[in-house]
Amino acid sequence: MVQISRRELIAGSLAVMAGPALALPPRRPFVTVAGTRFALGGAPYRVAGVNAWYAAYLGADAPIGNRDRLKRELDRLAALGINNIRILGSAEMSPLKNSVRPTFRDRTATYNEQLLRGLDHALAEMGRRNIKAVIYLTNFWEWSGGMMTYLYWTNGGRYINMNDLAHPWPQFADMSSEFYASAPAVRMYHDYVRAVVSRRNTVTGVRYRDDPAIMAWQLANEPRPGGSEEAGKRHMAAYLGWIGATARLIKSLDRNHLVSVGSEGTQGCNDDDQCVVDAHRRTAIDYVTAHIWPQNWSWADPKDLAGTWPAVERNTRAYLARQGAIARRLRKPLVVEEFGFPRDGGSFDPGTPTALKDRFYGLITGAVLDSVRSGGPLQGCNFWGWGGEGRAQHPDHHFMRGDTSYVGDPPHEPQGWYSVFDTDASTQTVIRDYARALVA
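Residues numbered from 1 in each chain as written. Predicted model: local features only at pLDDT ≥ 70, side-chain atom pairs only at ≥ 80, totals over all residues. Heavy atoms only, no water.

Asker: Would you take a moment to explain the overall build of the protein chain for this structure?
Answerer: The secondary structure content of the protein chain amounts to 12 helices and 13 strands. Taking 22 Å as the expected radius of gyration for a compact globule of 440 residues, we find that the protein chain reaches 20 Å, a close match to that expectation. Dimensions of the protein chain, computed from C-alpha atoms along their principal axes, come out at roughly 60 × 50 × 50 Å. Scored against the burial criterion, the 440 residues of the protein chain give a buried share of 59%. Of the contacts made within the protein chain by residues no fewer than 6 positions apart, 77% connect residues no fewer than 24 positions apart. Taken as two groups, the 51 positive and 44 negative side-chain charges of the protein chain have centres that lie 7 Å from each other. (Helix = DSSP H or I, 4+ residues; strand = E, 2+ residues; numbered from the N terminus. Rg over C-alpha atoms; globule rule 2.2 N^0.38 Å. Buried < 20%, exposed > 50% of the residue type's maximum accessible area, 1.4 Å probe, protein only. Contact = heavy atoms within 4.5 Å. Lys, Arg positive; Asp, Glu negative; His and termini not counted. Charge placed at Lys NZ, Arg CZ, Asp CG, Glu CD.)

Rendered as structure tokens:
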């Protein structure tokens, strides 16, 4: 971990303010919520978004980073009309085999200033392009350390690897959800939340809480009350208590930005509408989220994508309708902040056909446009994920620790599985047309 003293931090901040600074556009207002709508500066704000988990890594001034590439990728996304990027704001140093390195933190209270400055740089560059960030602050899954790692730090060193044959599904998810009731684990997480939300950007000199480049803080990526129905019921009270306590903590530190849970919707809530309602009903939670993964959820067969397409379309429409009904019940906006589909034939390589992927993107973006035009609660979407000029570094498409050619897929997944590359012209056309239609 890179350490800096308070004196160095103050001196650096003064240097930023006194010396040559990154040119920023005029100060912009914050995204707000009014009923089932977002607003920005008195005008409607609809999300034309993407996921790029690795933005802070590219922004780091270190061998893991590539600031020139960060600028090129943001320029490409801005040219597509993207106005929102969902990014990783924490990773925990973990024994889990599929977890990324380096990380934002270890078990100590000394956080990785190198990566935090990478986050500073990413936010500054996004702000220059009028792109808003949604920042998630831990992870239910193993690929960034996440909740299992907080448990490992505080329970005497016990953990389970995801997809460990000795601990089949849903044992990982059931154990990960023990996090919510672990007072020492949650306390360590809250300490990190305080540090990040209260941070001052070393590039712009602006405190995060005052930075219009941020749209929302997100409690976690895909937090679930459990994997099995039994564990979900057992952990439900602690899960809901964690949501409420963390949302209130963030709002106490930052009155300007929205807060969201990071939920998948009913798929991540024991297939229970009431679970999703309860997770989002608090006034400190500003909007509802949903994720849609047809292959992961066994709606799509990668060996027969065309043959299983009718089931994909039917289930997707039903899922969107169900999450929309929940959002209307809560009188809050809904964002489908993750969705992805494989390339034709199950390839992971750029340049291979994406006809069904494009069709799925059109299904999601069309649903958003229909909702916006009809006054529904669905107000945007973020596809997963932007691979840009990144490429898998190994023939087997596995991510190895030390790899820096980041794509949209996180380290535990095949590199290229759900990525949109800079050469995927037809998919980019779907995205560009959607973004234009949102502001038409």
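Asker: Explain the environment of Thr204 here, please?
Answerer: Structurally, the position occupied by Thr204 is in the loop between helix 7 (183-197) and strand 7 (214-218). Accessibility expressed as a relative area gives 18% for Thr204, which makes it buried. Placed 83 residues apart in sequence, Thr204 and His121 show a C-alpha to C-alpha distance of 8.6 Å. Reaching out from Thr204, the side chain makes a polar contact with the backbone nitrogen of Val206 at a distance of 3.2 Å. (Polar contact = N/O pair within 3.5 Å; in protein donor to acceptor, adjacent residues only side chain to side chain.)

Asker: What exactly am I supposed to notice about helix 9 (residues 273-280) here?
Answerer: Structural remark: α-helix, 3.6 residues per turn; residues separated by three or four positions point the same way. When helix 9 is considered as a whole, its buried residues turn out to be Cys275, Val276, Val277, Ala279 and His280. Residue Asp272 occupies the N-cap position of helix 9, its side-chain oxygen lying 3.0 Å from the main-chain nitrogen of Gln274.

Asker: Just checking my understanding: could you explain helix 3 (residues 67-80) for this structure?
Answerer: With 14 residues, helix 3 ought to run about 20 Å at 1.5 Å a step, and its terminal C-alpha atoms sit 20 Å apart, in line with that. Those residues of helix 3 that fall on the buried side of the exposure criterion are Arg69, Leu70, Glu73, Leu74, Leu77 and Leu80. Mapping the buried residues of helix 3 onto a view down its axis gives an arc of 130°, with all of them on the same face. Residues of helix 3 that are exposed and point over 90 degrees away from its buried face: Asp68 and Ala79. Downstream of helix 3 by one or two residues, Gly81 has phi in the positive range, about 95°. (Expected span 1.5 Å × (residues − 1). Arc of directions from axis to C-beta.)

Asker: Looking at this model, I keep getting lost on the sheet that holds strand 5 (residues 84-88). Mind explaining?
Answerer: If you trace the 8 strands from one edge of the open sheet to the other, you get 8-7-6-5-4-11-10-9, paired in parallel fashion. The two strands at the open ends of the sheet, each matched to only one other strand, are strand 8 (258-260) and strand 9 (288-292). Direction aside, the axes of adjacent strands within the sheet are offset by 25° on average. Bridge count for strand 7 against strand 8 is 3 bridges, and the pairing is parallel. Its bridge partner being in strand 8, Trp217 is matched across the sheet by Val259. Its contacts with the sheet put helix 10 (residues 305-330) on strand 9, strand 10 (334-339) and strand 11 (378-384), and the angle it makes with strand 9 is roughly 170°. (Pairing = 2+ DSSP bridges. Axes fitted to C-alpha atoms, helices over the stretch in contact; angles between N-to-C directions.)

Asker: How do you make sense of unusual backbone geometry when you look at a structure like this?
Answerer: Residues other than glycine predominantly adopt negative phi, and peptide bonds predominantly adopt the trans conformation. In this structure, Pro102 follows Arg101 across a cis peptide bond, with omega equal to -10°. Of note in this structure, Asn163 is not a glycine but carries a positive phi near 65°. Its place among the elements puts Asn163 in the loop between helix 5 (146-154) and helix 6 (171-176).

Asker: Mind showing me how you'd approach the state of the cysteines here?
Answerer: Two cysteines, two sulfur atoms, one covalent bond between them: this is a disulfide. Applying the stated rule across the entire model yields 1 disulfide. Here Cys269 engages in a disulfide with Cys275; their sulfurs sit 1.8 Å apart. Taking the sign of the torsion about the S-S bond as the criterion, the disulfide between Cys269 and Cys275, at about -60°, is left-handed. The pair Cys269 / Cys275 is uniform in exposure class, with both members buried. (Disulfide = S-S within 2.5 Å.)

Asker: Just checking my understanding: could you explain the packing of helix 7 against helix 8 (residues 229-253) for this structure?
Answerer: The description of two helices packed together rests on the angle between their axes and the distance between the axes. Two elements in contact, helix 7 and helix 8, have axes whose closest approach is 10 Å; the angle formed by their N-to-C orientations is 25°. Considering the angle they form, helix 7 stands roughly parallel to helix 8. Considering how the two elements wind past one another, helix 7 and helix 8 form a crossing that is right-handed. Counting all contacts with helix 7, which are made through Val186, Tyr189, His190, Val193, Arg194 and Val197, the residues of helix 8 involved are Trp242, Ala245, Thr246, Leu249, Ile250 and Leu253. A class-by-class count of the residues in the contact of helix 7 with helix 8 yields 9 nonpolar, 2 polar and 1 charged. (Parallel < 35°, antiparallel > 145°, perpendicular 65-115°, else oblique. Left-handed = near helix turned anticlockwise from the far one by under 90°. Nonpolar A, V, L, I, M, F, W, Y, C, P; charged D, E, K, R; others polar.)

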